[in-house]
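# Breakdown of the fold
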Amino acid sequence: MMTKHLTNSTKAKTSFTILSMCIAMLLSGCDVVKQLVGSGANAPANPGAQAPQQQPATHGPMDGYWKLAFQFNEDVKSSHIRVSQIGDKFSGQGTDDETGKPFLVENGVVRQDEVVFYKRYEQPDNPNQPPVEYGGKVDFKSGYMSGKYLITFQGKEIAGDWEAQREGAEEQSAANNPPPQEQKAPPPANQPNKAPDLSGKWTMGFEYQFKTMHSTMFIEQLGDKITGHGEDENTKEKFVIEKGWYKYPKVTLIRKYAAIKGKNPKPERHMTFKADVSWVNDSDYQGPYMAGKTDGGGNWEAQLVR
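These figures come from a predicted structure and were not determined experimentally. (Residues numbered from 1 in each chain as written. Predicted model: local features only at pLDDT ≥ 70, side-chain atom pairs only at ≥ 80, totals over all residues. Heavy atoms only, no water.)

This next bit is on the side chain of Glu163. Turning to its location among the elements, Glu163 is positioned in strand 8 (residues 156-166). Look at Glu163: it is buried, it has no salt bridge, and the nearest opposite charge is Lys67 at 11 Å. Reaching out from Glu163, the side chain makes a polar contact with the side chain of Tyr144 at a distance of 2.5 Å. (Helix = DSSP H or I, 4+ residues; strand = E, 2+ residues; numbered from the N terminus. Buried < 20%, exposed > 50% of the residue type's maximum accessible area, 1.4 Å probe, protein only. Lys, Arg positive; Asp, Glu negative; His and termini not counted. Salt bridge = Lys/Arg side-chain N within 4 Å of Asp/Glu carboxyl O. Polar contact = N/O pair within 3.5 Å; in protein donor to acceptor, adjacent residues only side chain to side chain.)

Okay, here's the thing in structure tokens:
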């Protein structure tokens, strides 16, 4: 069901902040990152070993598919994992979204709301290479877990944040707790029977580096071309919509942020926003609506300001 309020919708969708935003090991791009698969002295001596079962096998709430994300420097990467739990232990497999590289989830243990597991890439040239250690808290009711990961490279420990969301958890929660029925407003008389024009002032929310950003942007549509400008309210950074394309229902916007000098310098950067355009007929908003993903994998959405 289409959201009525952009701000509320964005907050709801970013209960996973990334999560909007999604984590994977950076095994491509530079030699240093390719080797970041250590976990320090606390890693198990034999990651593949499993404790012998003393009780009959019983599956647990970790079973299923999860979206996993972690932050390394200024980057957020994502992967998908599938795990199986027996007793208080679990293991599984995963794949990095960006590179398609597979990995194993090993020696997972969950006790009450605490979780620990190890992520290991199979390296034929270095079979004894230790895995990355993940530790944190899990909330099975919301299908969410988060914490810190630890790796060791050339004797230096590197730690960072990670979080994961069970796939379908939000949809399942909505199915188990349906909202009360309400009287819907009749469709407005001016609902278009063709692609809505996107020109005008828009309010927007998007996920970026574990945060929810809010923007005001002004769009100028000329045929299937889009240009414009705006400002991020959180940081007061201005941007221009350098170019964009609109072929209903698909739209692509490319933002350009100028370089910032001074105490907190930032280089010039670009962000790409892709979305589907639809028409909303809620009681408190009727008009065009955009919802999609950024090039960093975060959710974003926007509605025309009246």
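This is not the end of the story, as more comes after the structure.
Once that is clear, we can look at unusual backbone geometry. A cis amide bond links Tyr248 with the next residue in sequence, Pro249, at an omega value of 5°. Relative to the assigned elements, Pro249 resides in the loop between strand 12 (238-247) and strand 13 (250-257). Its identity as a non-glycine residue notwithstanding, Gln112 has a phi of 60°, on the positive side. Topologically, Gln112 is positioned in the loop between strand 4 (102-111) and strand 5 (114-120). Take Gln112: its relative accessible area is 77%, and that puts it in the exposed class. The phi torsion at Lys236 lies on the positive side, around 65°, for a residue other than glycine. Topologically, Lys236 is positioned in the loop between strand 11 (225-232) and strand 12. Residue Lys236 is classed as exposed on the basis of its relative accessible area of 55%.

With respect to the helices and strands, the residue Met290 is situated in strand 15 (residues 285-294). The spacing of Met290 and Leu198 is 92 residues in sequence and 9.6 Å in space, taken between C-alpha atoms. Aside from chain neighbours lying at most four places away, what touches Met290 is Leu198, Trp202, Met217, Ile219, Val251, Ala275, Asp276, Val277, Trp300, Glu301 and Ala302. (Contact = heavy atoms within 4.5 Å.)

Applying the stated criterion to the full structure yields 15 salt bridges. Here Glu114 makes a salt bridge to Lys137, at a shortest N to O gap of 3.4 Å. Placement of the pair is Glu114 in strand 5 and Lys137 in strand 6 (residues 132-139), with a sequence separation of 23 residues. Classification of Glu114 by relative accessible area gives partly exposed; the value is 46%. Under the relative-accessibility criterion, Lys137 is labelled partly exposed at 44%. The salt bridge involving Lys238 is made with Glu231; its shortest N-O contact spans 3.0 Å. One continuous salt-bridge network, built from bridges that share partners, spans Asp88, Lys89 and Arg111.

Turning next to the pairing of strand 14 (residues 269-282). For a regular strand, the rule is simple: side chains alternate between the two faces of the sheet. Here strand 13 runs beside strand 14; their pairing, made up of 8 bridges, is antiparallel. Counted as the bridge partner of Thr252 is Lys274 from strand 14. Both strand 14 and strand 15 contribute to a ladder of 10 bridges, which runs antiparallel. By the bridge assignment for strand 15, Val280 is matched with Gly287. Where strand 14 folds back onto strand 15 in an antiparallel hairpin, the turn is made up of 2 residues. (Pairing = 2+ DSSP bridges.)

A few words on the packing of aromatic side chains. Applying the stated criterion across every chain, the model contains 10 aromatic pairs. Between Phe239 and Tyr257, the ring centres sit 5.6 Å apart and the planes meet at 50°, which makes this aromatic pair tilted. Of this pair, Phe239 sits in strand 12 while Tyr257 sits in strand 13, placing them 18 residues apart in sequence. Among the residues examined, Tyr257 registers a relative accessible area of 1% and is labelled buried. Taken together, a centroid distance of 5.5 Å and an interplanar angle of 85° make the contact between Phe273 and Trp300 edge-to-face. Of this pair, Phe273 sits in strand 14 while Trp300 sits in strand 16 (residues 299-304); the two residues are 27 residues apart in sequence, bridging distant segments of the chain. Accessibility classification places Phe273 together with Trp300 in one group, the buried group. Each residue in the set Phe70, Phe90, Phe117, Tyr134, Tyr149 and Trp162 is aromatic and connected to the rest through ring pairs, giving one cluster. Sitting over the face of the ring of Tyr257, Arg269 holds its NZ or CZ atom 4.1 Å from the ring centroid. (Phe/Tyr/Trp six-rings, centres within 6.5 Å; stacked < 30°, edge-to-face > 60°. Lys NZ or Arg CZ within 6 Å of the ring centre and 35° of its normal.)

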